[in-house]
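# Geometric and topological summary
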Amino acid sequence: MYLSRTTPLVFGPCVGEDDCILGACASRGLSFATRNATLANLPPPTANTTRLLIDLGCKNFYATDVVALSGGHTIGISHCTSSTSRLYPIQDPTMDKTFANNLKGTCPTANSTNNTVVDIRSPNLFDNRYYVDLMNRQGLFTSNQDLYTDRRTRDIVTGFAVNQSLFFEKFVFAMIKMCQLSVLTGTQGEIRANCSARNTNNNNNYLGSVVDEGFEAVSQL
Ligand code: HEM
């Protein structure tokens with residue numbers, strides 16, 4: 001089936017919105033997503049493009065959005081265990097051999113506790129070279145590399161690799177779209193001070209008031 005870059009890519013079962021908000025935090029009146037709901041809404045790094053297009057298509061992201069959002073991997077580091085299934089026991093044949101050998105040096109065993117950069121060309125710079133990595137089969141996760149292997153997304157990867165402004169434009173668009181996804185206000189949710197941890201009572205009030213003021217301002221327009 002041919003899928004255009006502007007067609008919502010939904011043809012599988014979607015995780016319901018209700019699955020996102022489960023459980024309660026009695027002390028602050030907040031609801032937190034359960035582990036199961038979180039895992040159901042986040043594709044794993046082993047996901048191929050079909051899976052990404054289905055999962056994110058359910059949330060109304062198109063192929064261009066998906067490829068642009070994956071460009072977030074132009075910076076940052078990863079635990080080895082997020083990519084060692086591509087090295088051991090069998091090396092992923094789509095992986096560039098020199099890249100694989102270097103990665104094996106950093107991550108010598110399947111359960112190594114080391115870390116590695118995600119974008120080998122410019123790990124600390126927000127640029128379009130992550131897409132050049134993909135074109136050279138040097139993407140760290142299957143969920144990255146398969147965007148170049150899959151013919152539905154390959155041209156989009158190439159487009160961003162040769163045109164950084166285009167990537168920036170589409171990244172901004174997709175991030176704004178993502179920020180509008182299931183927004184929780186008031187006691188429905190919180191903006192985290194540390195992305196990987198729930199807020200403590202100390203920092204929750206300040207961050208909560210920022211988002212509420214923002215929404216009040218928007219609703220008065
Ligand atoms: C398709 C969905 C995505 C998948 C499967 C995915 C997967 C991953 C994985 C496995 C890691 C490494 C975690 C670890 O081993 O510690 C990671 C790190 C990272 N991801 Fe993603 N990701 C996705 C979407 C995104 C998006 C949309 C952004 C931003 C726009 C993003 C930005 C980052 C950054 C910046 C890091 C590095 C974090 C750090 O340095 O601490 N990712 N991602």
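Since the structure is predicted, the reported quantities are computational estimates derived from the model, not experimental observations.

## With respect to the overall build of the protein chain
Across its full length, the protein chain carries nine helices and two strands. Reading the protein chain from its N terminus to its C terminus gives the helix and strand order α-α-α-β-α-β-α-α-α-α-α. When each of the 221 residues of the protein chain is scored for burial, the buried share is 24%. Once local pairs closer than 6 in sequence are excluded, the contacts in the protein chain between residues at least 24 apart make up 63%.

## Examining the UniProt feature "binding site: heme b" (unreviewed entry) in the protein chain
Taking the numbering used here, the UniProt-annotated feature "binding site: heme b" (unreviewed entry) corresponds to His 73. Structurally, His 73 is set in the loop between α3 (63–70) and β1 (77–79). Assessed through the 22 C-beta atoms surrounding it within 10 Å, His 73 is described here as buried. Those residues in contact with His 73, other than ones at most four positions away along the chain, are Val 118, Asp 119, Tyr 130 and Asn 144.

## Thoughts on the nonpolar core
One finds Ala 63, Val 66, Val 67, Tyr 131, Leu 134, Val 157 and Phe 160 to be the most contacted residues of the largest nonpolar core, which totals 21 residues. Elements that contribute at least two residues to this core include exactly α2 (49–57), α3, α5 (129–135), α6 (142–149), α7 (154–162) and α8 (164–179). If near-sequence neighbours (up to four positions away) are discounted, Val 66 is found in contact with Leu 52, Leu 53, Leu 56 and Phe 61.

## A word on the packing of α3 against α7
One can describe the packing of α3 onto α7 by two numbers: an axis separation of 10 Å at closest approach and a directional angle of 50°. Viewed along their axes, α3 and α7 adopt a mutual orientation that is oblique. Considering the relative orientation of α3 and α7, their crossing is right-handed. In this structure, α3 contributes Ala 63, Thr 64 and Val 67 to the contact, and α7 contributes Ile 156, Val 157 and Phe 160. Here the contact of α3 with α7 is composed, by residue class, of five nonpolar, one polar and no charged.

## Thoughts on the site of the ligand
Taken together, 18 residues sit near the ligand, with Gly 72, Gly 76, Ser 78, His 79 and Ser 82 positioned nearest. Mapped by element, the contributors of at least two residues to the shell around the ligand are α3 and β1. When its residues are assigned to classes, the shell around the ligand shows ten nonpolar, eight polar and no charged.

## Observations regarding the packing of α3 against α8
The N-to-C vectors of α3 and α8 enclose an angle of 100°; their axes lie 8 Å apart at closest approach. Classified by the interaxial angle, the pair formed by α3 and α8 is roughly perpendicular. For the pair α3 and α8, contact is made by Thr 64, Asp 65, Ala 68 and Leu 69 and by Phe 167, Lys 170, Phe 171, Ala 174, Lys 177 and Met 178, respectively.

## Notes on the UniProt feature "binding site: Ca(2+)" (unreviewed entry) in the protein chain
The positions that UniProt labels "binding site: Ca(2+)" (unreviewed entry) are, in the present scheme, Thr 74, Asp 119 and Asp 127. What stands out for the annotated residues spanning 54 residues is how close their C-alpha atoms remain, the widest pair being 9.9 Å apart. Position of Asp 119 among the secondary structure elements: in the loop between β2 (115–117) and α5. Ignoring sequence-local partners within four residues, the contact set of Asp 119 consists of His 73, Thr 74, Ile 75, Arg 129, Tyr 130 and Asp 133. Within the element layout of this structure, Asp 127 appears in the loop between β2 and α5.

Procedures and definitions
- Residues numbered from 1 in each chain as written.
- Predicted model: local features only at pLDDT ≥ 70, side-chain atom pairs only at ≥ 80, totals over all residues.
- Helix = DSSP H or I, 4+ residues; strand = E, 2+ residues; numbered from the N terminus.
- Buried ≥ 20, exposed ≤ 12 C-beta atoms within 10 Å, placed from the backbone.
- Contact = placed C-beta atoms within 7 Å.
- UniProt positions renumbered as here; feature names shortened; annotations may be inferred.
- Core = buried A, V, L, I, M, F, W, Y, C linked by C-beta atoms within 7 Å.
- Axes fitted to C-alpha atoms, helices over the stretch in contact; angles between N-to-C directions.
- Parallel < 35°, antiparallel > 145°, perpendicular 65-115°, else oblique.
- Left-handed = near helix turned anticlockwise from the far one by under 90°.
- Nonpolar A, V, L, I, M, F, W, Y, C, P; charged D, E, K, R; others polar.
- Near = placed C-beta within 6 Å.

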